[in-house]
Amino acid sequence: MSQTSRHILITGGAGFIGSHLAEQLLLRGDHVTVVDDLSTGDLANVQQAKSMFPGRVEFVHSTVSAAFQLTQWPRFAEIYHLAAAVGVRLIVQKPSQSIETNVLETSAAIRWAIRDDAKLLVASSSEVYGKGIRVPFAESDDVVFGPTTSSRWSYGYSKALDEFLTFAAVKESGLKAVIIRFFNTVGPRQKGEWGMVLPRFIQAALVGDALEVHGDGSQLRCFCDVRDVAPALIQLLADQKCCGRVFNIGSDQMISIQSLAQRVIGVTGSSSRIVNVTHEQIFGKGFEDLQVRQPNLERVRGAIGFMPQIALDTTIADIALLLGKARKPCKGERAA
Ligand SMILES: NC(=O)c1ccc[n+]([C@@H]2O[C@H](COP(=O)([O-])OP(=O)(O)OC[C@H]3O[C@@H](n4cnc5c(N)ncnc54)[C@H](O)[C@@H]3O)[C@@H](O)[C@H]2O)c1
């Protein structure tokens, strides 16, 4: 191992964003250790990185807090903490486990960074904006959450608590940390099974199933390709001026969910139809969805000149290509 190569830890590195980030760090010449409990991640993502960069990737199948207790770690120069129970659907289904994961595992990641004197990147979420009282959402905005009787809001609350914990460690222990509020990040390897809208639509379109739009589809969202996002994470953590700050990251180009479904059908050439189902049918009674979710990107543009490059149609086509290769052929269809 070269004297100059650095050890980087990615928690949740077998997941969607984490695996793209790992590849970027490996291209930079680093050694990458992935700690992941594979609850939503995929070992194949790590194996792919291992085969591309032999001898520079280590995988530890564990939660963050359990791994932190182990000894014989190298000293990590940077820790990217992405491990979390991701998304509102998961948290509605398994509220206690999800809240505990998001808060306790972040606490472990912070203690790990302090122990190693490592720089820490913490993955937060646009859900921290709660009901989003002003559009576009800026990092310094006030926030309003729904009541604690609705578990839907606990994802945002848990990520907000992660941010508070991080800022507390910055103040009390001199931790060098950056917090990222991800808006809808999409791209190859994202899974639809946890409710993420774009892979869910593409999976359905590829097999001719109906694309299920929650609500009337007029909700506006912004989608940014992970291949634009991952390099920006590395830049933000490397920049001294970004330490102790929180950044939105994503695209600010809005599209309605109904139009997104139509775009997917268009790009994939599918004959699928679109059906609208109520939020109540999916998430149960009293579920509230946001009408608009758009980031203000001034801060991240000012810091690193962040400018997403990959068009949504390209992202859709690339995901479709990957999912098309992975799926089993339908009856009467030849395997690719
Ligand atoms: N993708 C998005 O649009 C989006 C939006 C907002 C926030 N985020 C945040 O970005 C981060 C990465 O999300 P993603 O989209 O790549 O999701 P993902 O589910 O693909 O990745 C999360 C990874 O964390 C792992 N994990 C979960 N609990 C763990 C634990 N206790 N210990 C170790 N590993 C654990 C999972 O197995 C998975 O590999 C998360 O913190 C998420 O909250 C993502």
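Residues numbered from 1 in each chain as written. Predicted model: local features only at pLDDT ≥ 70, side-chain atom pairs only at ≥ 80, totals over all residues.

Residue placement: Leu104 occurs in helix α5 (residues 95–116). C-alpha separation for the pair Leu104 and Gln203, spaced 99 residues apart in sequence, amounts to 33 Å. (Helix = DSSP H or I, 4+ residues; strand = E, 2+ residues; numbered from the N terminus.)

Okay, the packing of α5 against helix α6 (residues 154–173) next. To describe two helices that pack against each other, one gives the angle between their axes and the distance between the axes. Between α5 and α6, whose axes approach to 10 Å, the crossing angle comes to 15°. By the criterion of interaxial angle, the relationship of α5 to α6 is roughly parallel. Between α5 and α6 the crossing geometry is right-handed. Residues Pro95, Ile99, Asn102, Val103, Thr106, Ser107, Ile110 and Ile114 of α5 pack against Ser154, Ser158, Lys159, Leu161, Asp162, Leu165, Thr166, Ala169 and Ser173 of α6. In terms of residue class, the contact of α5 with α6 is built from eight nonpolar, seven polar and two charged. (Axes fitted to C-alpha atoms, helices over the stretch in contact; angles between N-to-C directions. Parallel < 35°, antiparallel > 145°, perpendicular 65-115°, else oblique. Left-handed = near helix turned anticlockwise from the far one by under 90°. Contact = placed C-beta atoms within 7 Å. Nonpolar A, V, L, I, M, F, W, Y, C, P; charged D, E, K, R; others polar.)

In this section: the site of the ligand. Neighbouring the ligand are 28 residues, the closest being Gly12, Gly15, Gly41, Ala83 and Ala84. Of all the secondary-structure elements, those providing two or more residues to the shell around the ligand are α1 (16–28), β2 (31–36), α5 and β5 (119–125). Top contributing element to the shell around the ligand by residue count: α1, with three residues. Its residues placed into classes, the shell around the ligand shows 13 nonpolar, twelve polar and three charged. (Near = placed C-beta within 6 Å.)

For helix α9 (residues 257–268), built from twelve residues, the straight-helix expectation of 16 Å at 1.5 Å per residue is met to within 8% by its first-to-last C-alpha distance of 16 Å. Tucked into the core, α9 has its buried residues touching α7 (197–207), β8 (211–214), β9 (220–222), β12 (254–256), β13 (274–277) and α12 (312–326). (Expected span 1.5 Å × (residues − 1).)

With that settled, the discussion passes to unusual backbone geometry. Here the bond from Val135 into Pro136 is cis, since omega is -5°, no more than 30 degrees from zero. For Leu38, which is not a glycine, the phi torsion comes out positive at approximately 60°. Counting through the fold element by element, Leu38 comes out in the loop between β2 and α2 (43–52). Unusually for a residue other than glycine, Gln72 sits at a positive phi of about 65°. If you trace the backbone, Gln72 turns up in the loop between α3 (64–69) and β4 (78–81). Given 4 C-beta atoms within a 10 Å radius, Gln72 is considered exposed. (Buried ≥ 20, exposed ≤ 12 C-beta atoms within 10 Å, placed from the backbone.)

Compared with the 28 Å implied by 1.5 Å per residue over 20 residues, the 27 Å span of α6 between its first and last C-alpha is a close match. Looking at the buried positions of α6, the neighbouring elements they touch are α4 (88–93), α5, β5 and β6 (177–182). Positive phi shows up at Gly174, right after α6, with a value of about 70°.

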